[in-house]
Amino acid sequence: MHALTSIFAHAPWGEVSPRYEALVMDDKVCSGLPACWTDPLAFLAEGKADDGFNVRIESMVGAFGRMVSAEWWRWQVRGV
């Protein structure tokens, strides 16, 4: 998990805890990787105020996709 933690690390959002989960999409079971940061308010505030937010997230997700040789990927923000 250390490699995943370093991919998704961004100090202003606090510590990150990535974990694997199974998702059902289009009637197929797919791998998912929720990344949860300890400061969700900082995450949401930066997403609203920073034009580079999408680029930062896409860079993280792209690095993860290259790591696991994913054919496709997408990301979403979920408030929990």
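Conventions used here
Residues numbered from 1 in each chain as written. Predicted model: local features only at pLDDT ≥ 70, side-chain atom pairs only at ≥ 80, totals over all residues. Heavy atoms only, no water. Disulfide = S-S within 2.5 Å. Buried < 20%, exposed > 50% of the residue type's maximum accessible area, 1.4 Å probe, protein only. Helix = DSSP H or I, 4+ residues; strand = E, 2+ residues; numbered from the N terminus. Polar contact = N/O pair within 3.5 Å; in protein donor to acceptor, adjacent residues only side chain to side chain. Pairing = 2+ DSSP bridges. Expected span 1.5 Å × (residues − 1). Contact = heavy atoms within 4.5 Å. Salt bridge = Lys/Arg side-chain N within 4 Å of Asp/Glu carboxyl O. Patch = residues over 30% accessible without salt bridge, like charges linked within 9 Å, V, L, I, M, F, W, Y side chains within 5 Å. Areas by Shrake-Rupley, 256 points an atom, 1.4 Å probe, with all protein chains shown as cover.

In this section: the state of the cysteines. Scanning all chains against the criterion turns up 0 disulfides. Here Cys30 stays free of any disulfide, with the sulfur of Cys36 as its closest cysteine sulfur at 19 Å. Its relative accessible area of 18% is what places Cys30 among the buried residues.

Structurally, the position occupied by Glu46 is in helix α2 (residues 40-49). On the basis of relative accessibility, which here comes to 14%, the residue Glu46 falls in the buried class. Separated by 2.9 Å, the side chains of Glu46 and Trp13 make a polar contact.

Another aspect to go through is the pairing of strand β3 (residues 28-32). When strand β2 (residues 21-25) meets β3, the two strands line up antiparallel, connected through 5 bridges. Within β3, the residue paired with Val24 across the bridge is Val29.

Before going further, it helps to spend a moment on helix α3 (residues 53-68). Given a rise of 1.5 Å per residue, 16 residues ought to cover 22 Å, and the 23 Å separating the end C-alpha atoms of α3 matches this to within 8%. All of the buried residues in α3 are Phe53, Ile57, Met60, Val61, Gly62, Phe64 and Gly65. Where the residues of α3 are buried, they touch α1 (2-8), β4 (35-37) and α2. Backbone geometry just after α3 places Ser69 at a positive phi near 55°.

What follows deals with the pattern of salt bridges. This model, assessed by the stated rule, comprises 1 salt bridge. For Glu46, the salt bridge goes to Arg56, with nearest N and O atoms at 2.3 Å. Placement of Glu46 in helix α2 and of Arg56 in helix α3 is noted, with a sequence separation of 10 residues between them.

Further remarks concern a nonpolar patch on the surface. Taken together, the side chains of Leu41, Leu44 and Val77 make up a nonpolar region of the molecular surface, amounting to roughly 300 Å² of accessible area. As for its placement among the helices and strands, Leu44 is situated in helix α2.

Moving on: the environment of Phe64. Its location among the elements puts Phe64 in helix α3. Note: C-alpha distance between Phe64 and Ala49 (15 residues apart in sequence) is 25 Å. If we ignore the near neighbours within four places in the chain, the residues touching Phe64 are Leu4, Ile7, Phe8, Tyr20 and Leu33.

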